[in-house]
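Structure assessment
The chain contents come next:
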Amino acid sequence: MRTRDHTSPDLIEGCLIAYAKRYIPCISRSNWKQPSSTSLPPSQDEQRELLETIISNLPREKRLTSSTSAIKFLFRLLRTANILNIAEIYRDAPEKKIGSQFEQATLDDLLVPSYSYLNETLYDVDCVERILGYFLDELEITITQNEDEQDNENIRSSERANTNEFSEVITYTMLIQRKD
């Protein structure tokens, strides 16, 4: 899909979002309907394979029209990846895309549940740290490329606001009870 230069990354991502919502029950349970009454829902292995394929085809570029629905979908994609226990390499792409659109994320979005029995916290704090790291890396690149003092000050104030939001998430997750 990526070899065609004339296809917009926004169009590809939009198609992948619509396809995932329709064919992966874990992503959107309220909107998911079986294609026909005779077919069974996809097995967990089929869902995992389909999710890995969708993630591997997501455009790497930042969306031109960043929206809250797109960021919410990326977080649902990440939660589904945790539920289906897909490989770390496939979790990296949504985390990077979320990091590039971090301004659109809400505190509720950042509370990604941990489905691992090895983790002692209710939420996946490591995932949120990686997302914030991707955001800060991209922000640093933007600051170094931007020499206009006014723009740099706006970016720094945005960075401070997002850092404060992240510290609020960490504080909140520390108050959550440990899993039994």
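All of these numbers come straight from a predicted model, not from anything done at the bench. (Residues numbered from 1 in each chain as written. Predicted model: local features only at pLDDT ≥ 70, side-chain atom pairs only at ≥ 80, totals over all residues. Heavy atoms only, no water.)

For the chain, the helix and strand inventory stands at seven helices and zero strands. In the chain, which comprises 180 residues, the share counted as buried stands at 37%. Put simply, of all contacts in the chain between residues at least 6 apart along the chain, 72% involve residues at least 24 apart. Of the accessible surface of the chain, which amounts to about 11,100 Å², a share of 51% is contributed by carbon and sulfur atoms. (Helix = DSSP H or I, 4+ residues; strand = E, 2+ residues; numbered from the N terminus. Buried < 20%, exposed > 50% of the residue type's maximum accessible area, 1.4 Å probe, protein only. Contact = heavy atoms within 4.5 Å. Areas by Shrake-Rupley, 256 points an atom, 1.4 Å probe, with all protein chains shown as cover.)

This part covers a negative patch on the surface. Among the surface-exposed residues, Glu103, Asp137, Glu138 and Glu140 lie close enough to one another that they form a single negatively charged patch. Judged by its relative accessible area of 53%, Glu140 is exposed. (Patch = residues over 30% accessible without salt bridge, like charges linked within 9 Å, V, L, I, M, F, W, Y side chains within 5 Å. Salt bridge = Lys/Arg side-chain N within 4 Å of Asp/Glu carboxyl O. Lys, Arg positive; Asp, Glu negative; His and termini not counted. Charge placed at Lys NZ, Arg CZ, Asp CG, Glu CD.)

A full pass over the atoms with the stated rule returns two aromatic pairs. Measuring from centroid to centroid gives 5.0 Å for Phe102 and Phe135, while their planes differ by 35°, and the two rings are tilted. Of this pair, Phe102 sits in the loop between α4 (88-100) and α5 (107-110) while Phe135 is found in helix α6 (residues 125-145), placing the two residues 33 residues apart along the sequence. A relative accessible area of 4% places Phe135 in the buried class. (Phe/Tyr/Trp six-rings, centres within 6.5 Å; stacked < 30°, edge-to-face > 60°.)

Right, let's get into the pattern of salt bridges. Scanning the entire structure with this criterion turns up six salt bridges. We note a salt bridge from Glu13 to Lys97, for which the minimum N-O separation is 3.0 Å. One end of the pair, Glu13, is in helix α1 (residues 9-23); the other, Lys97, is in helix α4, with 84 residues separating them in the sequence. The exposure class assigned to Glu13 is buried, which follows from its relative accessible area of 1%. The class for Lys97 is buried, based on a relative accessible area of 4%. Put simply, Arg130 and Glu95 hold a salt bridge, and the shortest N to O gap is 2.9 Å.

Everything listed is a geometric property; what it means functionally is a separate question.
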